[in-house]
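Chain by chain, the residues:
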Amino acid sequence: MFGQDEARPRKARRWTRIAAAVQGPPTVFLILRRMRAPLIVLIAIFAISVLGLTLIPGRDDAGQPARMGFFDAFYFMSYTATTIGYGEIPHEFTGAQRLWVIASIYLTVIGWAYAIGSLLTLLQDRAFRQALALRRFTRTVARIREPFLLIAGYGQTGRLLGRSLDILGRRIVVVDTSAERVDALDIDAYRADVPGLAGDARNPRTLDHAGLGHPYCEGVLALTDDDEVNLAVTMTAALIRPDLPVIARTVSPAIEYRMAAFGSPTVVNAFDRYGDHLRIALRAPASYQLMVWLESGPGARLPRRGRPPRAGRWVLCGYGRFGRELTADLRAEGLSVTVIDIVAGPEPEPWVVVGDGSEPGVMARADLVNAVGFVAGTDNDTTNLSLVAAARRINPELFVASRQNRPETAPLFAAMEIDSLLVPAEVVAHEIYAQLSTPLLWRFLREMPDLGDRWAADMIERLHLHCGNRLQALWRTTLDAEDAPALTRWLRDGPATMRDLLRHPDDRDQRLDIVPLLILRDGQATLGPDDDVALRPGDQILFAGQPWDKRALLETLTINSVSQYVLHGRRVPSSWVWQRLTHSPR
């Protein structure tokens, strides 16, 4: 999806040159502007002192009148004003000259004190330090010589996605309005250096500094908490670099529609995605469990399989954007919904109860005792926690879903043991990770729910058998001359099955702990292929398995002697010399 460009587009090159020419070196201009007065004072003091020494008459060694030249006067003032002091040249001074030198010394001390004080003030100036940071950042980005992703917004979503991309070996560049978040990049445990800039992503020049026009920029991720900023980033990328793919987050359908007007960005709406996931969880709990596990990435623990009610009435508190999206999704599943909202509309619907959900009387009017599900969907975590506690006190058998808005409250929600928890940042990060890690994983997640809950449960059993409780490595392999040079002849000449491919290089009677998730052939995807499936040249396969078994499979794909043993049981010398010496005429 996000591929490296062969060359920077002409439009991007032209825009970058114009922006650089307009901006110029801000650090140099700032120094000259702030140090202009101290430098003028120093130059004036030196000029007056040198001129005075050339005008005041002196005496030579013979007692004859003599005057200093400009070079001698400048040389004397230079080592005198810098406190070096080599003595009186070219002859001993007269009283008038010494009196002038005394006045010059005190003047230069005042001038140096003024200049040094101004310089120290400049070093502590916020604008100057920002200019230095910008210069250092732009140089760092300009030196990048590998594909990278530009992330606008380093909040909870940006951090989660950044760490996941770093594990995959993908480089990132970060822009965020918070200087504290950018400074945190230096202490985060990233494998590679992550350049960060504290700036407004709505400004096209900020995105240019961050590498939007860089030839190795392979995509833009707009992940801020402000939909308008994400829209501005999407617009800038579409107008300046229309060749770059863009992924943006939003919670507003109107903003999503406006983003779609600029090219074809991938827009992730956390509220809409959560509603889709909840519908899958209602129909097929095992499919939802598998989806969440794979979206969480390597190292994720197998989530608990929920048992949401498939029939009955739900009560929802908070009828904002999230509440409206979820109400529509629940009704699409044939469920009735009673909404509790503190704000009454002009003509309240009969299924809307106006009032504060934390009040017992309001809960009673919503008939929570006879409900099967409860959703705390306000934008305040404290309110949501209190609503959940009150609902469970009235009806302990409720299936409870809640919205968590801030990461600091995660321990509180974990202690409440919410049945279904919406964390918008995690929903967005997991979905974008699934799209960026490999296109095959994204396709697997889109097509997997159509295969049914029983199929998903069997796939979870296979993954649990070979990977354990934690998801291990996910990778793609193409059966071609580049990724599998040792199998080219085997695939061309005879029948080839997945069972043969997954034999262990040390003992072919053992099977590698690897699960094939998907085979893509001629645009058609086969999900969860069994060991008897026939393989063909050009097949793209998505695997999940242990990292050491991934290395073992790589040996089978690339080393001829290993592939001969794994596929045919023949021990073949690994070096070319031994192959020639042991070559049989037959």
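A few points on the structure. (Residues numbered from 1 in each chain as written. Predicted model: local features only at pLDDT ≥ 70, side-chain atom pairs only at ≥ 80, totals over all residues. Heavy atoms only, no water.)

What the 4 strands build is an open sheet, ordered β15-β18-β16-β17; its pairing is antiparallel. For this open sheet the edge positions go to β15 (473–478) and β17 (524–527), each flanked by a neighbour on one side alone. Direction aside, neighbouring strands of the sheet carry axes that sit 20° apart on average. Of the pairings in the sheet, the one linking strand β16 (residues 514–521) to strand β18 (residues 540–545) comprises 6 bridges and is antiparallel in character. The residue bridging isoleucine 514 from the neighbouring strand is glycine 545, located in β18. Set on the sheet, helix α23 (residues 547–558) makes contact with β15, β16 and β18; between it and β15 the angle comes to about 10°. (Pairing = 2+ DSSP bridges. Helix = DSSP H or I, 4+ residues; strand = E, 2+ residues; numbered from the N terminus. Axes fitted to C-alpha atoms, helices over the stretch in contact; angles between N-to-C directions. Contact = heavy atoms within 4.5 Å.)

Here we take up the pattern of salt bridges. Two side chains bearing opposite charge may form a pair once their charged atoms approach each other closely. Under the counting rule described, the total for this entry stands at 21 salt bridges. Ionic pairing is found between glutamate 218 and arginine 170, a salt bridge with its closest N-O pair at 3.1 Å. Taken together, the residues glutamate 218 in strand β6 (residues 217–222) and arginine 170 in the loop between α7 (156–167) and β4 (171–176) connect sequence positions 48 residues apart. This pair shows no difference in class: glutamate 218 is buried, exactly as arginine 170 is. For aspartate 532, the salt bridge identified is with arginine 499, shortest N-O distance 2.3 Å. One end of the pair, aspartate 532, is in the loop between β17 and β18; the other, arginine 499, is in helix α22 (residues 498–501), and 33 residues separate them in sequence. (Salt bridge = Lys/Arg side-chain N within 4 Å of Asp/Glu carboxyl O. Buried < 20%, exposed > 50% of the residue type's maximum accessible area, 1.4 Å probe, protein only.)

Now for the environment of tyrosine 565. Topologically, tyrosine 565 is positioned in helix α24 (residues 560–568). Along the sequence, tyrosine 565 and serine 402 sit 163 residues apart, while their C-alpha atoms lie 55 Å from each other.

The strands that make up a sheet pair up through hydrogen bonds in the backbone, lying either parallel or antiparallel. Read from one edge of the open sheet, 6 strands run β11-β10-β9-β12-β13-β14, paired in parallel fashion. Only two strands of the sheet have a single partner each, and these edge strands are β11 (352–354) and β14 (420–422). Sheet twist, expressed as the average angle between the axes of neighbouring strands with direction ignored, equals 15°. As paired elements, strand β12 (residues 373–376) and strand β13 (residues 399–403) share 4 bridges and run parallel to each other. If you follow alanine 376 over to β13, its bridge partner there is serine 402.

The axes of two packed helices give the description: the angle between them and the distance between them. With their axes 5 Å apart at the nearest point, helix α18 (residues 424–437) and helix α19 (residues 439–447) run at an angle of 125° to one another. In terms of orientation, α18 lies oblique with respect to α19. Contacts between α18 and α19 involve Glu431, Ala434, Gln435 and Ser437 from the former and Pro439, Leu441, Trp442 and Leu445 from the latter. Among the residues making up the contact of α18 with α19, the classes are represented as 5 nonpolar, 2 polar and 1 charged. (Parallel < 35°, antiparallel > 145°, perpendicular 65-115°, else oblique. Nonpolar A, V, L, I, M, F, W, Y, C, P; charged D, E, K, R; others polar.)

With that out of the way, let us pick up the packing of aromatic side chains. For the coordinates displayed, the defined rule picks out 9 aromatic pairs. Ring geometry for phenylalanine 76 and phenylalanine 93: centres 5.0 Å apart, planes at 70°, overall edge-to-face. Linking phenylalanine 76 in helix α4 (residues 70–81) with phenylalanine 93 in the loop between α4 and α5 (95–123), this pair joins segments that are 17 residues apart in sequence. In this pair, the class of phenylalanine 76 matches that of phenylalanine 93, namely buried. Between tryptophan 314 and phenylalanine 399 the ring centres are 5.8 Å apart and the planes differ by 65°, which places this aromatic pair in the edge-to-face class. Within this pair, whereas tryptophan 314 is found in strand β9 (residues 313–317), its partner phenylalanine 399 is found in strand β13, the two being separated by 85 residues in sequence. Here tryptophan 314 falls in the buried class, since its relative accessible area comes to 0%. Members of the aromatic cluster, connected to one another through ring pairs, are Tyr75, Phe76, Tyr79, Tyr86 and Phe93. (Phe/Tyr/Trp six-rings, centres within 6.5 Å; stacked < 30°, edge-to-face > 60°.)

The subject of this paragraph is the nonpolar core. One finds Leu165, Ile172, Leu221, Leu326, Leu330 and Ile432 to be the most contacted residues of the largest nonpolar core, which totals 39 residues. If near-sequence neighbours (up to four positions away) are discounted, isoleucine 172 is found in contact with Phe148, Leu149, Ile151, Gly162, Leu165, Tyr190, Val194 and Pro195. Counting 29 residues, the second-largest nonpolar core is a separate cluster that includes Ala434, Met459, Cys467 and Leu542. (Core = buried A, V, L, I, M, F, W, Y, C linked by side-chain atoms within 4.5 Å.)

Counting buried positions along helix α13 (residues 285–295) gives 9 out of 11 residues, so the element sits mostly inside the fold. Three or more residues of α13 are buried, namely Pro285, Ala286, Ser287, Gln289, Leu290, Met291, Trp293, Leu294 and Glu295. Looking at the packing, one finds that the buried side of α13 touches α12 (270–283), α18, α19, α20 (453–467), β15 and β16.

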